[in-house]
Amino acid sequence: MKNGIMGIRLSRAAGVAVTTGAVLASGALYAAPAQAAATAPTIVAKGGYVMNNASGKSLYTKAADTRRSTGSTTKIMTAKVVLAQKNLNLDAKVTIQKAYSDYIVSKNASSARLIVGDKVTVRQLLYGLMLPSGCDAAYALADKFGTGTTRAARVKSFIGKMNADAKKLGLKNTHFDSFDGIGNGKNYSTPRDLTKIASSAMKSTTFRKIVKTKKYTAKTITKTGSTRTMAPWTNTNTLLSSYSGTIGVKTGSGPEAKYCLVFAATRNGKTVIGTVLASSSASQREKDAKKLLSYGFGKA
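Residues numbered from 1 in each chain as written. Predicted model: local features only at pLDDT ≥ 70, side-chain atom pairs only at ≥ 80, totals over all residues. Heavy atoms only, no water.

**Thoughts on the pattern of salt bridges**
- In the structure shown here, the tally under the stated rule is eight salt bridges.
- Linking Lys-80 and Asp-165 is a salt bridge whose minimum nitrogen-to-oxygen distance equals 3.1 Å. Note that Lys-80 is positioned in helix α1 (residues 75-83) and Asp-165 in helix α5 (residues 151-168), a separation of 85 residues in sequence. This pair shows no difference in class: Lys-80 is buried, exactly as Asp-165 is.
- Across the pair Arg-123 and Asp-91 runs a salt bridge whose closest N-O atoms are separated by 3.0 Å. Linking Arg-123 in helix α3 (residues 122-130) with Asp-91 in the loop between α1 and β6 (93-95), this pair joins segments that are 32 residues apart in sequence. (Salt bridge = Lys/Arg side-chain N within 4 Å of Asp/Glu carboxyl O. Helix = DSSP H or I, 4+ residues; strand = E, 2+ residues; numbered from the N terminus. Buried < 20%, exposed > 50% of the residue type's maximum accessible area, 1.4 Å probe, protein only.)

**Quick notes on the pairing of strand β13 (residues 258-267)**
- Inspection of the sheet shows strand β12 (residues 246-254) paired to β13 by eight bridges, in the antiparallel sense. Bridge pairing in β13 links Val-249 to Phe-263.
- The hairpin turn running from β12 into β13, its antiparallel successor, is three residues long.
- Joining the antiparallel neighbours β13 and strand β14 (residues 270-279) is a turn of two residues, in which Asn-268 adopts a positive phi near 50°. (Pairing = 2+ DSSP bridges.)

**Quick look at the environment of Ser-294**
- Summarising the element assignment, Ser-294 is placed in helix α9 (residues 282-299).
- Taking C-alpha positions, Ser-294 is 9.7 Å from Ala-265, a pair spaced 29 residues apart along the chain.
- Within the structure, Ser-294 has its side chain in polar contact with the side chain of Tyr-243 (distance 3.0 Å). (Polar contact = N/O pair within 3.5 Å; in protein donor to acceptor, adjacent residues only side chain to side chain.)

**With respect to the packing of α3 against helix α4 (residues 135-145)**
- Viewed as axis vectors pointing N to C, α3 and α4 meet at an angle of 140°, and their least axial separation amounts to 8 Å. The angle between the axes of α3 and α4 places the two elements in the oblique class. Crossing hand, α3 versus α4: left-handed. Between α3 and α4, the residues in contact are Val-122, Leu-125, Leu-126, Gly-128 and Leu-129 and Ala-137, Ala-138, Ala-140, Leu-141 and Phe-145, respectively.
- Tallied by class, residues from the contact of α3 with α4 come to nine nonpolar, one polar and no charged. (Axes fitted to C-alpha atoms, helices over the stretch in contact; angles between N-to-C directions. Parallel < 35°, antiparallel > 145°, perpendicular 65-115°, else oblique. Left-handed = near helix turned anticlockwise from the far one by under 90°. Contact = heavy atoms within 4.5 Å. Nonpolar A, V, L, I, M, F, W, Y, C, P; charged D, E, K, R; others polar.)

**Section: the pairing of strand β5 (residues 58-62)**
- In this structure, strand β4 (residues 47-52) lies alongside β5, joined through four bridges in antiparallel fashion. Across the sheet, residue Val-50 finds its bridge partner in β5, namely Tyr-60.
- Remark: five residues form the turn of the hairpin made by β4 and β5, two consecutive strands paired antiparallel; Gly-56 in that turn has positive phi of roughly 80°.

**Section: the packing of α1 against α5**
- Running from N to C, α1 and α5 cross one another at 95°; their axes reach a closest spacing of 10 Å. Compared by their axis directions, α1 and α5 come out roughly perpendicular. Contacts between α1 and α5 pair Met-77, Thr-78, Lys-80, Val-81 and Val-82 from the former with Phe-158, Lys-161, Met-162, Asp-165 and Ala-166 from the latter.
- Residues of the contact of α1 with α5, tallied by class, amount to six nonpolar, one polar and three charged.

**Observations concerning the sheet that holds β12**
- Read across the sheet, five strands follow the order β5-β4-β14-β13-β12 without closing on themselves; strand pairing throughout is antiparallel. Here the strands that pair on one side only, and so sit at the sheet edges, are β5 and β12. Averaged over neighbouring strand pairs, the angle between their axes works out to 5° when direction is ignored.
- Here β4 pairs with β14 via six bridges, running antiparallel.

**A word on α5**
- End to end, α5 covers 26 Å across 18 residues, agreeing with the expected 26 Å (1.5 Å per residue, within 8%).
- When we look at burial in α5, the residues that qualify are Arg-154, Val-155, Ser-157, Phe-158, Ile-159, Met-162, Asn-163, Asp-165 and Ala-166.
- On its buried face, α5 is in contact with α1 and α4.
- Immediately beyond the C-terminal end of α5, within one or two residues, lies Gly-170, with a positive phi of roughly 80°. (Expected span 1.5 Å × (residues − 1).)

Such coordinate-based values are descriptive only and should not be taken to indicate function.
Structural data, given as structure tokens:
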């Protein structure tokens, strides 16, 4: 089903309003055909949550408060913490260290293919973090924006900021022990909490611009001062191309997390945002998200 549940349409024709369960025309009430979107959809993902982004109203829940591993959806908070820094200069340059490269090799982690010695801007690192889900970009940002005299101390400090932000949002079922989702047993959240994190992050115009971008090409500065044009980064969120109105947000996967997706879309002036955790495949998490978006728009 290319665009979710096709039966849900909001007609702008004068005097006609389509709602979840009824069609109002010329003052008379008629039953909507097939009761479109009246029944909550069945999803494969073990956890799911959808809300109206403007009001915060819950539109769908499935094990919405059950703690699960979140994979790279963790990086939403990584970006959020960076973008919340005082006097942030998005054009500040960060030199890529060998430690970042060694880390992704040792963890067999997703990568933005950053080159050791290159100078990369904070803005570029955020694109490298959110589009190809670069764990090297995540490491570079944690090292840059944490505080301390050693890299380990700075990373620990940055993760502390992630947890402080979760606490500030009032989230009781979220804890981070990594900057990228490759946790050590204590990196977890819930569909409801992740949706709230994403909703808060989407208040940043920079964040919104990044997560809506399908492809981005960074030009970095090499050790010798020349310009390197990186291979384009493609957004792993396939909803951007397959579901009309999609505006973000982030994929995640892992042996424990399975397949996750935090998603948001805007249609007819309404924004629906949500999360699926522990789906069975990349294609299935997309199908799950489409079902929930279409259902959400029917109730929003």
